[in-house]
Structures are given as structure tokens and as C-alpha cells.
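What follows is each chain in one-letter form.
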Amino acid sequence: MTAPLVTRVSRADAAAVGDAARCLRAGGLVAFPTETVYGLGADATNGQAVARLYEAKGRPAFNPLIAHVVDAAAARALARFDANAVRLAETFWPGPLTLVLPKAESCPVADLATAGLDSIAVRVPNHDVAQKILVAFGKPVVAPSANRSGHVSPTTAAHVLADLRNRIDLIIDGGATPVGVESSIVACLGEPTLLRPGGAPRDEIERVLKRPLAEPAEGPGACAEAPLAPGMLASHYAPHTPLRLDADHVDAGEALLAFGPNPAAGAMGATMVLNLSPQGDLIEAAANLFSHLRALDAAGARLIAVMPIPHEGLGEAINDRLARAAAPR
Ligand code: TXA
Ligand code: MG
């Protein structure tokens, strides 16, 4: 599991911003203020850093994360904007509105951060400290609210410390966050849909769009963080090839998603074998999960056999995602 950590807390000055960027570059976890709530940031392009982030939060499932970028131009490298998205971005960015958009072809964000989805949540925060960190780091930063899973979102550095002391590297203390509730989330994947009410009021969003926002199929609050009932987030990643979990052997015509040093019996005859972590490291396994599933799905096997994953640490979230991917459709 994670090495013992001592969380440092720094007042938000120029040195701390430089420190935050260095820490992100090294794959570390940095909590920082945005205008809504404190976020727990990691390098969005580094799958292992993202896996560590889920572990630090103690999330029982890999909810997709919001990629924070410095401006709309940077957002365009990650996602495709339709006319509604362009209008919303022009009006609300920087500010407390997150847009869920189709992922761009060349999007560099790690598969784990988007939970393997073809869409991505992007936001441009309106906070001096967040902006300076994004500029200094120069890449997108994924940041869920900086609380333990199931706790309320933190609006001060003290809240973050209470929840995440010695689970993350650095906290940048920029005082209380002005908005205090999370960003509103609007999906522009067709009819604009309000996935989460938040800092940008619904009526202001609707005025810009010149029409009412649609409700998500699962009802309002469908992507509220916790507790997410299984199956509540309509759009989780599912491969086309059926999955068989807890497999101790592989039959002819099957692909194998292995874990640990000893691949299941019959692996030599598998259509394709990918190992989540030959060393049995759950952080590495989480970082590889969605990209390995995609690659095996593309191999043309009739079934993907999945070896058992220990149900501890990040294993719980990995098993949650595998169970969803294996559920009958
Ligand atoms: O104000 C905020 O948005 C804060 C600050 C730190 O920026 N962040 C935040 O992140 O609230 P988080 O991870 O606590 O909530 C993000 C929500 C989750 O409920 C997730 O399910 C949803 O965004 N989300 C992210 N990507 C999505 C996607 N592709 N499709 C649908 N929902 C998505
Ligand atoms: Mg949250």
C-alpha cells in the first residue's frame, strides 16, 4: 500500500505554488482551493497518480473526475464543444460550472480519471490560487472535492487536514472558499442536461441556453457523489465482450485479465493476456484497469476471464467496476 506520508500545509504564496506544481509533476497529491470547495489534485495524465487519489479519498468506486484547466483553449485539447457548450463556456468560465463533453480524440487524460467513459468533465476554476497552480503545472489537474468519501466537501484547509492528514502530500491554504458548494454539472452530449445542481444557478444556465435543462434519465442528483447506488450513473464503461469474474482458468477462445505473478491455468492458450499488475500492486492495477479492459475487448475473444482481485484498499473499487462491467445488459 502507500508509503507513510506526512502532509505539509503551506500558506498560498508564490513558493507554495511552485511546490504544488513540482509535487503534481512527481505524481503527488495536492489539495488546493477553488472558488467552490477545496479540490484534491493529481496529474490528470498520470494513471498511477489518479489511482493514488482514489485511494486517498477511500472511494469505494471509481467515479469519473473533473479535469481542471486554465482556460477554454486548454479545455479544447481535452473535449469537443458543441454550440451549447461554447455558449456556456463563454458565459461561465472561469467559474463554478463543469461541462461533461465528448472526449477529444487525442485527449491525454488517463482512462482511470474518466472511469473509461467516452465523455469527460472539464472546468475552469475562478480562483487565483487554483489558476496559478494550473499555470505553473501546465497540464490538466483532476480534482474531486478534498474529503474522504462520504464526508461533506471541505471549504477550508482545516477541513481538508481533518479528513486527509497523512494521506496526501500537500495542502495549499488559501483561506475559505467563496462559493462553498460544488460546481453545477451540465452534460452537453446532446440535449443539455443538469447532472448536478451547484454554484451556477439553473435559471442563469437556462437563460444562456434559451431553453430548459433536461433532467438525467436516472433523475436529479444522478451523479451526486455519495452514496451512488450500483447502476445509478447511467454511463459507466462496459465492454462489448462478456466478462467472467473470479476466473481460475482460461478456456479456448477467451482472453485473460490477469492479476499477480501467477496467471490462471490455461493462460498460454488465451486469445490475449494482459496483467493488471504482475507484482499484485492494487494502485498499478487500478491505473491499468480501463485501458486493459478496452484492449482485451478489442481482441475479438468470446469472453474475458478476469482473475480474482483482493477486496482490500483500491481492490474494492476495482471489483465494483468489474462487477458493473460484467452485469447482464
Ligand atoms: O466544484 C467542484 O466541482 C469540485 C471542485 C474541487 O472543482 N469538484 C468536485 O468533484 O465536486 P467531485 O469528484 O467531488 O464531483 C464530480 C462529479 C462526480 O459526481 C462525477 O460522477 C461527475 O462529476 N462526473 C465526472 N465526469 C463525468 C462524466 N463523464 N459523466 C457524468 N458525470 C461525471
Ligand atoms: Mg465530491
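First, a word on scope: everything that follows refers to the structure included in this document. (Residues numbered from 1 in each chain as written. Chains lettered and ligands numbered in written order. Predicted model: local features only at pLDDT ≥ 70, side-chain atom pairs only at ≥ 80, totals over all residues. Heavy atoms only, no water.)

### A short note on the overall build of the chain
Next up, step 1: Helix and strand counts for the chain stand at nine helices and 14 strands.
Next up, step 2: The globule rule puts the C-alpha radius of gyration for 329 residues at 20 Å, and the 20 Å found for the chain is close to it.
Next up, step 3: By residue count, 55% of the 329 residues in the chain fall in the buried class.
Next up, step 4: Accessible surface, the chain as shown: approximately 13,500 Å² in total, 55% of it carbon and sulfur. (Helix = DSSP H or I, 4+ residues; strand = E, 2+ residues; numbered from the N terminus. Rg over C-alpha atoms; globule rule 2.2 N^0.38 Å. Buried < 20%, exposed > 50% of the residue type's maximum accessible area, 1.4 Å probe, protein only. Areas by Shrake-Rupley, 256 points an atom, 1.4 Å probe, with all protein chains shown as cover.)

### Some details on the pairing of strand S3 (residues 38-43)
Next up, step 1: The buried fraction of S3 amounts to six of the six residues, a majority that puts the element mostly inside the structure.
Next up, step 2: One ladder, built from four bridges, connects strand S2 (residues 30-33) with S3; its direction is antiparallel. The residue bridging Val30 from the neighbouring strand is Gly41, located in S3.
Next up, step 3: Pairing analysis gives two bridges linking S3 to strand S7 (residues 141-142), with the strands arranged antiparallel. (Pairing = 2+ DSSP bridges.)

### Examining the sheet that holds strand S12 (residues 254-258)
Next up, step 1: The sheet built from four strands is open, its strands ordered S11-S14-S12-S13 with parallel pairing. A single partner strand is all that each edge strand has here, and the edge strands are strand S11 (243-244) and strand S13 (273-275).

### Some words on the nonpolar core
Next up, step 1: Within the largest apolar cluster, 77 residues are counted, with the highest numbers of intra-cluster contacts made by Phe62, Leu88 and Leu99.
Next up, step 2: By residue number, the principal contributor to this core is helix H8 (residues 282-297), which donates nine residues.
Next up, step 3: No fewer than three residues from each of domain 1 (8-234) and domain 2 (243-326) sit in this core.
Next up, step 4: Discounting chain neighbours no more than four positions away, the residues touching Phe62 are Tyr54, Leu112, Ala115, Ala286, Leu289, Phe290, Leu314, Ala317, Ile318 and Arg321.
Next up, step 5: In terms of nonpolar packing, the next biggest core, distinct from the first, is built from 17 residues, Ala21, Val141, Ala143 and Ile172 among them. (Core = buried A, V, L, I, M, F, W, Y, C linked by side-chain atoms within 4.5 Å. Domains from an automatic or database assignment. Contact = heavy atoms within 4.5 Å.)

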